[in-house]
Amino acid sequence: MTLGLLCVAALAPLVEFAAEAQSPDLNGDSIIQHLNQTIAWYGHITSEDQSGTFPQNVVLQDNVRQSSAQAVQKAFAFAQAEAALLVKQKTKANAAPGKRDASTANLAQVADQANQRIAKLQSQIDDLNQQIAKTSKRKQLATLNSQKAALAADLDFARMTQASLKEMLSFSNTTESAGGLVGQINLLASSANISAALANNFPAASTRPAASNVSAFHPETAGIFGLLSNTFSLLRIRSDIGSLISDTGNLHTATLALAAPLRAKTKSLVLQSDALARATAGETDPVKLNAARQELQSMTAQFKALSGPTLYLIEQGIALHNTANGLAQWNDVIGSQLHTSLGYLAFRLGTVLAAIALLLIISEVVRRATFRYIHETRRRRQIVLMRRVIVASVTTLIAVLASVSGIGSFATMAGFVTAGLAVALQNIILSVVAYFFLIGRYGLRTGDHVTVTNLTGKVIEVGLVRFYLMELAGTGSDMHATGRVAVFSNSVIFQPAALIKQAPGTEYAWHSVSVTLAGDPVLEDVRKRVTGAVDEVYTKYRRAIEQQQEIFEKTANIQLANLAPVSRARYTDQGVEVLVRYPVELSEMSEVDEEVILAVMHETQKAPALQLAAGGFPKVITAT
């Protein structure tokens, strides 16, 4: 038996039993409580599924599940072995006189009485069958058959009663067996999760469909949103694994405490057998040797019965230890992944902030340069607006590029979004594009006279999407504001209808004065006299018109003919008609036209006088 002591001593370090560990004797409640704790712990283990985050987590999770399933298997093996031992002990106790439960004894007694009654009825029926076979009298035969029928009915009832009593007695015995422990263990083992673990047929993490369909997370190509989501996911996983490590430690401690009484009993048996062996070492009395042999056989049977549950608990402790190690390794890997994810997240955020800061610095430099070197209010406002649009667009682009995962997905998303926006905002986009044409070199400026779709007006403002005109009514020198503001979309410049505006840098228009003379004057002389009258008026403001033309030539980089009155004469039915075209400043149209008419009338009155035809008085019209 010294070898047995060595075995017990060798097992002690494996399960790390404390010398002072104390635990009450095992019973059905403690076994069921241990199973429930193991089942709850295993449910927590299997509910943690993070196989789709990183490839290495698949193997770690599979190892943890394998070792936890082994712990469940050993726990149920211990419970079944210990339940069988408790059932055997209780059966022996009930077999002793006076130890049987009163209700069970009553059921057994009633069952025995039912058996005796059935046997008695069957004997009476057999006797009647013999009498029926021997008698030949009809009246006596009818009486015997009636008695047999009554006994048969009574026998059927007695057999039904016997079956019910057997079922109740069987249920009573099953319930009494270790307090119904076997049934409870089987009930716990029948759940789907536990039955799969006991059968060891659950799928590995690497072969589960969910794991195979989920692509691995790559933090080096992920965006800010993906990194944030992954970081919070890893934090949650790490918290769950910490809780699992704590639960595994608690279950391991409970397992050690549960095994303490079994170890104490096995150690006591080994010590008793060793002491008995030493006591009978020199014994020669056959009676004492036979008694010692029987006692040793009894101890061996007890040691054999206890060694099974003890070994299962030891193996469960080893499986729990392996599970704890796997969880610790998994926790270290999750910590490394969390550190990597946080590093990439900090890099992404730093890059975005640095890019936005650089963009704002450049924007501020442009703003200061604009206010320092550009003095034209309209041009300065346009540059400021463009600066704001560019800064907002680039900032949005930087944020989007930093947030999405991968350029390919961004390109796909941007393609769909751009197509949708192009369809939904085509008019607005076209107006914005037209805005840059309108503010260009030959674009619209405040105060320009513009004709759009047969409406003439003075430009009030040119916006990003539309421009505004103060409507003008009348013709020629009678142009006046109506008090209404016309609003046009910038995209009107892409329509077939022409947009007519004053040439940049010019503030003049062409007018024509016509006069019809009667008689038979010389055509060339008349033309020269009328043209000279108009040219005399034009000489007063010629320099202002020429300066405007010079500005336009510099702006457009073209060379134009000199501005001067142009005349032509022709014969008509009323006489000779003379038409003179001349430029006139827009701000002085009425005054200049009156002077031209007076000058022409004065020229016709000079000697030799020119006779006006009927209705041939000088008329001023807008030249086309």
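Residues numbered from 1 in each chain as written. Predicted model: local features only at pLDDT ≥ 70, side-chain atom pairs only at ≥ 80, totals over all residues. Heavy atoms only, no water.

Engineer: Looking at this structure, how should I read the overall build of the protein chain?
Structural biologist: Counting its regular elements, the protein chain contains 16 helices and nine strands. The buried share of the protein chain, reckoned over its 624 residues, is 35%. (Helix = DSSP H or I, 4+ residues; strand = E, 2+ residues; numbered from the N terminus. Buried < 20%, exposed > 50% of the residue type's maximum accessible area, 1.4 Å probe, protein only.)

Engineer: I tried to follow helix α14 (residues 523-538) on my own but got confused; where do I start?
Structural biologist: Because each turn of an α-helix spans 3.6 residues, side chains separated by three or four positions end up pointing in the same direction. The end-to-end C-alpha distance of α14 is 23 Å, a good match for the 22 Å that 16 residues give at a rise of 1.5 Å each. Among the residues making up α14, those that are buried are Val526, Arg529, Val530, Thr531, Ala533, Val534, Val537 and Tyr538. Among the structural elements, β6 (508-517), α15 (542-556), β7 (566-571), β8 (576-585) and α16 (589-605) are those in contact with the buried residues of α14. (Expected span 1.5 Å × (residues − 1). Contact = heavy atoms within 4.5 Å.)

Engineer: Mind showing me how you'd approach unusual backbone geometry here?
Structural biologist: Most peptide bonds take the trans configuration, and most residues that are not glycine carry a negative phi. In this structure, Thr453 takes a positive phi of about 45 degrees despite not being glycine. Positionally, Thr453 belongs in the loop between β1 (449-452) and β2 (455-462). With a phi angle near 65 degrees, Asn454 is a residue other than glycine that sits in the positive phi range. Looking at where Asn454 falls in the secondary structure, it is placed in the loop between β1 and β2.

Engineer: Sorry, what's going on with the pairing of β8 here?
Structural biologist: Strand residues, when the strand is regular, have side chains that alternate between the two faces of the sheet. The buried count for β8 comes to nine of 10 residues, which makes it a mostly enclosed element. Relative to β8, β6 runs antiparallel, the two being bridged by 10 bridges. Across the sheet, the residue bridging to Leu517 is Val576, located in β8. When β7 meets β8, the two strands line up antiparallel, connected through six bridges. When the bridges of β8 are listed, Ser567 appears paired with Val580. Between β7 and β8, which pair antiparallel one after the other, the connecting turn spans four residues, and Gly575 there sits at a positive phi close to 150 degrees. (Pairing = 2+ DSSP bridges.)

Engineer: Just to check I follow, could you spell out the pattern of salt bridges for this structure?
Structural biologist: Oppositely charged side chains can form a pair if their charged atoms are brought close together. Taken as a whole and judged by the stated rule, the model has 13 salt bridges. Ionic pairing is found between Glu550 and Arg543, a salt bridge with its closest N-O pair at 3.6 Å. On the basis of relative accessible area, Glu550 is assigned to the partly exposed category, the value being 36%. By relative accessible area, Arg543 is classed as partly exposed at 45%. Here Arg570 and Glu577 are joined by a salt bridge, their closest N and O atoms 2.8 Å apart. Sharing partners across several salt bridges, the network here consists of Glu364, Arg367 and Arg368. (Salt bridge = Lys/Arg side-chain N within 4 Å of Asp/Glu carboxyl O.)

Engineer: Help me out: how do you make sense of the sheet that holds strand β4 (residues 480-489) in this one?
Structural biologist: Paired through backbone hydrogen bonds, the strands of a sheet run either parallel or antiparallel to each other. Across the sheet, which stays open at both edges, the five strands sit in the order β4-β3-β2-β1-β5 with antiparallel pairing between neighbours. Of all strands in the sheet, those bounded by a partner on one side alone are β4 and β5 (499-501). Taken over all neighbouring pairs, the strand axes of this sheet differ in orientation by 35 degrees on average, direction set aside. Pairing analysis gives four bridges linking β1 to β2, with the strands arranged antiparallel. The partner of Val452 across the bridge, within β2, is Leu455. (Axes fitted to C-alpha atoms, helices over the stretch in contact; angles between N-to-C directions.)

Engineer: What is the right way to look at helix α13 (residues 426-438) in this model?
Structural biologist: Between its terminal C-alpha atoms α13 stretches 18 Å, which fits the 18 Å expected from 13 residues at 1.5 Å a residue. Listed in full, the buried residues belonging to α13 are Ser431, Ala434, Tyr435 and Leu438. The arc that holds the buried residues of α13, viewed along the axis, is 120 degrees, so those residues lie on one side. Residues of α13 that are buried make contact with α11 (377-403), β2, β3 (466-473) and β4. (Arc of directions from axis to C-beta.)

Engineer: Just checking my understanding: could you explain the packing of α14 against α16 for this structure?
Structural biologist: Angle between the axes and distance between the axes are the two parameters that describe a pair of packed helices. Relative orientation of the contacting elements α14 and α16 amounts to 145 degrees, with a least axis distance of 9 Å. For the element pair α14 and α16, the recorded crossing hand is right-handed. Judged by residue contacts, Arg529, Val530, Ala533, Val534 and Val537 of α14 engage Val592, Glu595, Val596, Ala599, Val600 and Glu603 from α16. (Left-handed = near helix turned anticlockwise from the far one by under 90°.)

Engineer: Would you mind showing me how to read the side chain of Ser567 here?
Structural biologist: In this fold, Ser567 is placed in strand β7. Judged by its relative accessible area of 17%, Ser567 falls in the buried class. Looking at Ser567, its side chain comes within polar contact range of the side chain of Thr531, at 2.6 Å. (Polar contact = N/O pair within 3.5 Å; in protein donor to acceptor, adjacent residues only side chain to side chain.)

Engineer: Help me understand the environment of Gln184, please; the structure alone is not making it clear to me.
Structural biologist: Inspection of the secondary structure puts Gln184 in helix α6 (residues 181-189). Along the chain, Gln184 and Ile32 lie 152 residues apart, while their C-alpha atoms are 7.7 Å from each other.

Engineer: I'm lost on the packing of aromatic side chains in this one. Help?
Structural biologist: The geometry of an aromatic ring pair is captured by the separation of the ring centres together with the interplanar angle, meaning the angle of the planes. Considering all chains together, one arrives at four aromatic pairs under this definition. Considering the side-chain rings of Phe437 and Phe494, the 5.8 Å spacing of their centres and the 90 degrees angle between planes classify their relative orientation as edge-to-face. Taken together, the residues span a long stretch of sequence, with Phe437 in helix α13 and Phe494 in the loop between β4 and β5 at a distance of 57 residues. Residue classification places Phe437 among the exposed positions, given a relative accessible area of 53%. A ring pair is formed by Phe467 and Phe488, whose centres lie 5.7 Å apart and whose planes are at 20 degrees; its orientation type is stacked. Separated by 21 residues along the polypeptide, Phe467 in strand β3 and Phe488 in strand β4 bring together distant segments of the chain. Across the ring face of Trp510, the terminal group of Arg581 is positioned such that the distance to the ring centre comes to 4.9 Å. (Phe/Tyr/Trp six-rings, centres within 6.5 Å; stacked < 30°, edge-to-face > 60°. Lys NZ or Arg CZ within 6 Å of the ring centre and 35° of its normal.)

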